Protein chains: 2
Amino acid sequence: MTASSPDRPDPRSRRARLRALETASDLFYANGVRAVGMEQIVEESGVAKTTIYRHFPTKDALIEAFLKKEDAEFWSQWDAVIGTATTSMGQIEALCDWIGKRVRRNGYRGCPQLNVAAEFADRAHPARLVARQHKAEMHRRLEAICAHGGVVHPETTAMQIALLFDGAFMSDGRLNAYDAPALLEHAAVLLIGGGRERPDKGASAELA
Amino acid sequence: MTASSPDRPDPRSRRARLRALETASDLFYANGVRAVGMEQIVEESGVAKTTIYRHFPTKDALIEAFLKKEDAEFWSQWDAVIGTATTSMGQIEALCDWIGKRVRRNGYRGCPQLNVAAEFADRAHPARLVARQHKAEMHRRLEAICAHGGVVHPETTAMQIALLFDGAFMSDGRLNAYDAPALLEHAAVLLIGGGRERPDKGASAELA
DNA sequence: ATTCTCCGCTACCGATCAGTATCGTTTGAC
DNA sequence: GTCAAACGATACTGATCGGTAGCGGAGAAT
């Protein structure tokens, strides 16, 4: 029961844990969690297998830690992005710009939360819980921005934008043929603009 | 090289192949392709392992056949759906209604093409080729509808709607709290309505 | 009725999987 | 300088992986 407490550990312990988690995260993201074996993480990180299992009781726990790490880094960047704008629309545009650039980075391979969720059928899997909380948090934040911007039904508009973002995350290079930031911004502006009017549709011009 | 030709086979051969592929497809979709072993497919389908490998040289080929089957069934339903409407906007609304209902079906677990793509890092994997072609086909069809509906930049608007759809596919139950068909229809109408005007933004009202 | 094809079955292959045991060594804390 | 804690290394477990070999039997074609 002398399990290594996460708080106040040996500096060696901290470093080993960090290196293992960082290596695992890179491998998991680049290859998919099921395709990466524990031995591979051992070899690439230089951390002994026994040490990894001292910090993470199972591979599933390591995967869960991977997603929590991705989650934290994602919101950290998110906060930095929206910090560059003062208006709601400006924040949404900044987010679109960020995402549009993010999805065309080298080695980008989709949303890690969605990718992992696709690999595990069990909705009660700890990693799937993290993924659901991550997506709920995104909706919550988008809803707050929409509400602050005067959107009539902020939760609905926020969900529409969230779907747009998730689609962009999973676009697998298809957006590279476009100006992704502009495409996303244009779409988001339309969704928010439409959300400021009464949502009982109607008024939209009919098409042939 | 007396490989079983796909055309004009024994009825026994046809049935074995069909049962193997159907069982594999169900298992692959429900659990993820890497989580399903060949032995499991053998047990659940009643088709011998040797027979499966006579029809599909590798597991990867079986996965590829699974995605091609999903692709064919998807477009079959798609055609039936858009056949119920006469106008472009009517077709888009019908598609939104179809997708909104589809994603809340029991056992729905996201887009099989995106799910499989998430499991293989190699972009040259045969299954990833099928997935890319599937998404390209969706964009092509949406673009045709948009163009016919008088949208100024049909390929851009089609991409925006495609992202919306993919987001809905991967929404993992988050849409169950909403009227998914209405939410998608509303979003699609806004995207198309905005696409009919000059796309050099501007005009959209500024938010606080 | 014979033949030829394809089936299902059992057993097996080497490789890899997640996870554990043991042990000697390093290292921060006091 | 001593001690306890956490490290790295090696070796191993039983299970499972994708894929193959060899068999006997069923069924369609002639």
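Scroll up for the structure.
For every chain, the first residue of its written sequence is number 1, and the numbers climb from 1 along that sequence. Each chain gets a letter, beginning with A, and each ligand a number, beginning with 1, in the order they are written. In view of the model being predicted, local features appear only for residues whose pLDDT reaches at least 70, and side-chain atom pairs are presented and counted only at 80 or more, with totals across whole chains, interfaces and linings using the full set of residues. Only hydrogens and water are removed before side-chain values are computed, so all heavy atoms of the structure are retained for them.

Q: Describe the overall build of chain A, listing the residues and the values that go with them.
A: Broken down by element type, chain A carries 9 helices and 0 strands. Numbering goes from the N terminus for both helices and strands, where a helix is a DSSP run of H or I of at least four residues and a strand is a run of E of at least two. Ordered by position from N to C terminus, the α and β elements of chain A give α-α-α-α-α-α-α-α-α. Contact between two residues is taken to exist if any of their heavy atoms lie within 4.5 Å; hydrogens are not considered. Here the analysis covers contacts within chain A between residues at least 6 apart in sequence; of these, 68% occur between residues at least 24 apart. For chain A, the exposed area adds up to about 9700 Å²; of that, 51% sits on carbon and sulfur atoms. The method behind every accessible area is Shrake-Rupley, applied with a 1.4 Å probe, and residues are considered shielded solely by the protein chains displayed.

Q: Break down unusual backbone geometry for me, with residues and values.
A: Trans peptide bonds make up most of the peptide bonds, and negative phi angles are found at most residues other than glycine. Residues and elements named next belong to chain A. One non-glycine residue with positive phi stands out, namely Asp172, at about 55°. Take Asp172: it is sitting in the loop between helix 8 (154–169) and helix 9 (180–196). Judged by relative accessible area, Asp172 falls into the partly exposed class, the value being 28%. The buried label goes to any residue with under 20% of its type's maximum accessible area, the exposed label to any with over 50%, and the partly exposed label to all in between, with areas taken from a 1.4 Å probe on protein chains only.

Q: Could you give an account of the environment of Val130(B), naming the residues involved and the relevant values?
A: All names here are of chain B. Position of Val130 among the secondary structure elements: in helix 7 (residues 126–148). Residue Val130 is classed as buried on the basis of its relative accessible area of 8%. Taking the C-alpha atoms as reference points, Val130 and Gln113, 17 residues apart in sequence, are found 7.8 Å from one another. Residues contacting Val130, with those up to four places away along its chain left out, are Glu64, Leu67, Lys68 and Gln113.

Q: Describe the nonpolar core, with residues and values.
A: Ranked by size, the top nonpolar core spans 134 residues in total, and within it Leu142(A) and Leu142(B) carry the most contacts. In this structure Leu142(A) touches Trp78(A), Ile92(A), Leu95(A), Ala158(A), Ile161(A), Ala162(A) and Phe165(A), once residues within four positions along its chain are discounted. Note on terminology: a nonpolar core comprises buried Ala, Val, Leu, Ile, Met, Phe, Trp, Tyr and Cys residues joined through side-chain atoms within 4.5 Å.

Q: Please provide a residue-by-residue account of the protein's contact with DNA strand C, values included.
A: The rule for a residue being near a molecule or strand is that one of its heavy atoms must lie within 4 Å of it. The environment of DNA strand C is formed by 22 residues, the closest being Met38(A), Lys49(A), Lys59(A), Thr50(B) and Thr51(B). Of what DNA strand C places within 4 Å of the protein, 57% of the atoms are sugar or phosphate. In the environment of DNA strand C, a phosphate oxygen lies 3.1 Å from a nitrogen or oxygen atom belonging to the side chain of Arg54(B). At a separation of 3.0 Å, a phosphate oxygen of DNA strand C approaches a polar side-chain atom of His55(B). Listed by contribution, the elements that provide at least two residues to the surface near DNA strand C are helix 1 (11–31) and helix 3 (49–55) of chain A together with helix 1 (11–31) and helix 3 (49–55) of chain B. When residues in the surface near DNA strand C are grouped by element, the largest group, 4 residues, is from helix 3 of chain B. Just so you know the grouping, Ala, Val, Leu, Ile, Met, Phe, Trp, Tyr, Cys and Pro go in nonpolar, Asp, Glu, Lys and Arg go in charged, and all remaining residues, Gly too, go in polar. Along the lines of polarity and charge, the residues of the surface near DNA strand C split into 7 nonpolar, 8 polar and 7 charged. Residues adjacent in sequence count toward polar contacts only when both atoms are side-chain atoms; beyond that, a polar contact is any pair of N or O atoms within 3.5 Å, and within protein one must be able to donate a hydrogen and the other to accept it.

Q: Outline the interface of chain A and chain B, supporting the account with residue identities and numerical values.
A: Contacts between the two partners involve 58 residues from chain A and, on the opposite side, 57 residues from chain B. Any Lys or Arg side-chain nitrogen found within 4 Å of a carboxyl oxygen on Asp or Glu counts as a salt bridge. The interface formed by chain A and chain B contains 6 salt bridges. Of the charged contacts in the structure, one is a salt bridge between Arg123(B) and Asp172(A), with a shortest N-O distance of 2.8 Å. Put simply, chain A and chain B have 16 residue pairs in polar contact (both at pLDDT 80 or more) between them.

Q: Residues and numbers for the relation of the copies chain A and chain B, please.
A: Superposing chain A onto chain B takes a rotation of 180° plus a shift of 0.0 Å along the axis, which leaves an RMSD of 0.0 Å. Read as a symmetry element, the transformation amounts to a two-fold axis. Both copies present the same face, since 98% of the interface residues in chain A are matched by interface residues at the equivalent positions in chain B. When the copies are overlaid, the least-squares fit takes in C-alpha atoms only where the residue has pLDDT of at least 70 in both copies.

Q: Describe the protein's contact with DNA strand D, naming the residues involved and giving the relevant values.
A: Inspection of the region around DNA strand D gives 20 residues, with Thr51(A), His55(A), Lys49(B), Tyr53(B) and Lys59(B) positioned closest. Counting only the atoms of DNA strand D that lie within 4 Å of the protein, the sugar and phosphate share comes to 56%. Note that a phosphate oxygen of DNA strand D is positioned 2.7 Å from one of the side-chain N or O atoms of Thr51(A). Of all the secondary structure elements, the ones that give two or more residues to the surface near DNA strand D are helix 1 and helix 3 of chain A together with helix 3 of chain B. The residue inventory of the surface near DNA strand D, partitioned by class, reads 6 nonpolar, 8 polar and 6 charged.

Q: For the packing of aromatic side chains, give the residues involved together with the corresponding values.
A: Residue and element names in this part refer to chain A. Think of it this way: a Phe, Tyr or Trp ring, Trp meaning its six-membered ring, pairs with another when their centres are within 6.5 Å, and the plane angle makes it stacked under 30 degrees, edge-to-face over 60, tilted otherwise. Summed over all chains, the structure comprises 16 aromatic pairs over all chains. With 5.7 Å between their ring centres and 55° between their planes, Phe28 and Phe66 make a pair best called tilted. Taken as a pair, Phe28 in helix 1 and Phe66 in helix 4 (residues 59–82) lie far apart in primary sequence, 38 residues in all. Per residue, the accessibility class of Phe28 equals that of Phe66, and both read buried. Pairing Phe74 with Trp98 gives two aromatic rings, centres 5.1 Å apart and planes at 45°, and the pair type is tilted. Of this pair, Phe74 sits in helix 4 while Trp98 sits in helix 5 (residues 88–102), and the two are 24 residues apart along the sequence. A residue is classified by how much of its surface remains accessible, and Phe74, at 6% relative accessible area, is buried. Judged by its relative accessible area of 11%, Trp98 falls in the buried class. Of the aromatic side chains, those joined through ring pairs into one cluster are Phe74, Trp75, Trp78, Trp98 and Phe169.

Q: Tell me about the side chain of Arg109(A), residues and numbers included.
A: As for its position among the elements, Arg109(A) is in the loop between helix 5 and helix 6 (112–119). Neither His nor the chain ends is counted toward charge; the positive residues are Lys and Arg and the negative residues Asp and Glu. Despite being buried, Arg109(A) has no salt bridge partner; Glu119(A) is the closest side chain of opposite charge, sitting 5.5 Å away. Of the polar contacts made by the side chain of Arg109(A), one reaches the backbone oxygen of Phe120(B); its length is 3.5 Å. Contact partners of Arg109(A), with chain neighbours within four places excluded, come to Tyr29(A), Ala30(A), Asn31(A), Gly32(A), Asn115(A), Ala117(B), Ala118(B), Phe120(B), Ala121(B) and Arg128(B).

Q: Mind laying out a negative patch on the surface, listing which residues take part and the relevant values?
A: Residue and element names in this part refer to chain A. In this scheme, patches are assembled from residues that exceed 30% relative accessible area and form no salt bridge. Like charges are connected within 9 Å, while nonpolar side chains (Val, Leu, Ile, Met, Phe, Trp, Tyr) are connected within 5 Å. To locate a charge, take NZ of a lysine, CZ of an arginine, CG of an aspartate or CD of a glutamate. Taken together, Glu22, Asp26, Glu43 and Glu44 make up a surface patch of like negative charges. Breaking the negative patch down by element, the ones donating at least two residues are helix 1 and helix 2 (38–45). Of note, Glu44 is situated in helix 2. Its relative accessible area of 53% is what places Glu44 among the exposed residues.

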